[in-house]
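Spelled out from the first residue to the last, the chains are:
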Amino acid sequence: MNLLDSQRAFFASGRTRAYDFRRDALQKLKSSVRSHLRALYDALWQDLHKSEAEAYLTEAALVLREIDDQLSRLRSRMRPRRVGTPVFLWPSRSRILCEPFGNILILAPWNYPFQLAFAPLAGAIAAGNCVVLKPSPYTPHVSAVMRQIVESAFPADYIAVVEGHRDVNEALLAERWDYIFFTGSPELGRTVMRAAAEHLTPVTLELGGKSPCIADNSANVDIAARRIVWGKFLNAGQTCIAPDYLLVHENIKSPLIERIEYWIEEFYGAEPGKSPHYGRMVNRKAFDRVCSYLSDGTILTGGDTDPAQRYIAPTLLDLGAPTDSVPVMQSEIFGPVLPLMSYTRLDEAVEFINRHEKPLALYYFGSPETGRNVLQRTSSGGACINDTVLHVSNDRLPFGGVGNSGMGRYHGKESFLTFSNRRSVLCSAKNWDLPLKYPPYKHFGWITKLLGGSCQFKSKF
């Protein structure tokens, strides 16, 4: 692949390692993003029916914050970090150097096509790497704008955007990379990991899964409903950390349903299809898949569809008791359908969650103390107590999955570390040496004392 060869040569030149180069690259990226915001908003509307406000809040703002964070802390993150050296290694000094991996492949998804491509890109640039960025073909207008942003700021032998379908992905994954960063489904994540294994390439996999939401009987029903509706129906439910299903205590089930219905209408109007703030399914295949779930339970609100617009109304689906016997509970929904199941004891909800794969996020509404207890009894990539989704917006919090929902972390400092090899360096004195470590080990007793061990070995020397 000529592009990868040219990027390897560019990285080998050493230019990307310098602080000034990285700083200038981040500033160019920020400037280019800002100059293309209008085109980006238009593209997001065309591909996903995202309003300008939602496009800014969930895409552009998060990327610009990520770039600013890397810029403001770049020098300190690049600085070698001194660590302690045990006395038995005296007179040596120890450092950790963050060096770039080299040539990075970023494979981005379609649901937040700009944010989930350019946030990791900012981290890879800050860490001093060359990058090939592969956007999803399902959002072609956004992909075209991203290519314009990159090409107006960088030469292709440093940062490049490569477009295409599955054949392009396969060609890219057949190459040897120094690091692969992938965001997408667990199924495709396994494909990426198998390809990376051929070259023992390290990977970050940002995947998904069925993120549960618990509404306990101690919840503030109105606030819980408002935050659940916002987190679930943002981007028409096409959010990897959206609440995928709702477990609600039977004591608050009726009032919670009423307030969910209220907030859906408050956010999107009596006819959400006419709201400029409500999105659409990305394509007909996704539309048909999510529509098939509508018969899996009792529709409490919503259920309207329009295939011509790829529109599915915000829908609340009652499944009764916790169950995974219907299709809507067997895979990530990734659409505006929220299954609701009721429980009488919190242990039921926890046990149901723990019977399934570890999710990317977990949400609990109710007493913070009980919420913390739920977190101690479960596992997820991230979590919110009395909120949804917003943990992703704090760049001080590492973002990522666990188990089937992914591996590796990024955002802020974690992005810099993800794309850096933390190199351990021991620097010993040039002209002075301790004889303890050398044969014939005349001072073995001193060695055991310095190591702090309780070795019972009796020297015969």
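Refer to the structure printed above.
Let me begin by describing the structure that accompanies this report. (Residues numbered from 1 in each chain as written. Predicted model: local features only at pLDDT ≥ 70, side-chain atom pairs only at ≥ 80, totals over all residues. Heavy atoms only, no water.)

What follows covers the pairing of strand β2 (residues 92-100). Sheet topology places strand β1 (residues 81-83) next to β2; three bridges connect them, and they run antiparallel. By the bridge assignment for β2, R82 is matched with R95. Sheet topology places β2 next to strand β18 (residues 420-428); nine bridges connect them, and they run antiparallel. Within β18, the position partnered with S94 by the bridge is L426. (Pairing = 2+ DSSP bridges. Helix = DSSP H or I, 4+ residues; strand = E, 2+ residues; numbered from the N terminus.)

Turning next to the packing of helix α3 (residues 37-48) against helix α6 (residues 140-153). At a minimum axis distance of 7 Å, the contact between α3 and α6 shows a crossing angle of 160°. When the axis of α3 is compared with that of α6, the two are roughly antiparallel. Contacts from A39, L40, A43, L44, Q46 and D47 in α3 reach P140, H141, V142 and V145 in α6. Residue classes in the contact of α3 with α6 are distributed as seven nonpolar, two polar and one charged. (Axes fitted to C-alpha atoms, helices over the stretch in contact; angles between N-to-C directions. Parallel < 35°, antiparallel > 145°, perpendicular 65-115°, else oblique. Contact = heavy atoms within 4.5 Å. Nonpolar A, V, L, I, M, F, W, Y, C, P; charged D, E, K, R; others polar.)

Within helix α7 (residues 166-173), burial applies to V168, L172 and L173. Viewed end-on, α7 has its buried residues packed into an arc of 130°, placing them on one side of the element. Exposed and facing more than 90 degrees away from the buried side of α7 are R166, D167 and E170. Buried residues along α7 sit against β3 (103-107), β4 (130-134), β6 (179-183) and α8 (186-197). (Buried < 20%, exposed > 50% of the residue type's maximum accessible area, 1.4 Å probe, protein only. Arc of directions from axis to C-beta.)

For the rest of this paragraph, the subject is the packing of aromatic side chains. Counted under the stated rule, the structure contains 18 aromatic pairs. With a centroid separation of 5.0 Å and 70° between ring planes, the pair formed by F21 and Y158 is classed as edge-to-face. Note that F21 is positioned in helix α2 (residues 19-35) and Y158 in the loop between α6 and β5 (159-161), a separation of 137 residues in sequence. Three or more aromatic residues link up through ring pairs in this structure, and these residues are F101, Y179, F181, F399, Y410 and F419. The ring of Y19 carries the charged tip of R75 above its face, separated from the ring centre by 3.8 Å. (Phe/Tyr/Trp six-rings, centres within 6.5 Å; stacked < 30°, edge-to-face > 60°. Lys NZ or Arg CZ within 6 Å of the ring centre and 35° of its normal.)

Looking at where R77 falls in the secondary structure, it is placed in helix α4 (residues 52-78). By relative accessible area, R77 is classed as buried at 12%. Separated by 2.8 Å, the side chains of R77 and D69 make a polar contact. Each residue touching R77, except ones within four places of it in the same chain, is listed here: D69, Q70, C98, G412, K413 and F416. (Polar contact = N/O pair within 3.5 Å; in protein donor to acceptor, adjacent residues only side chain to side chain.)

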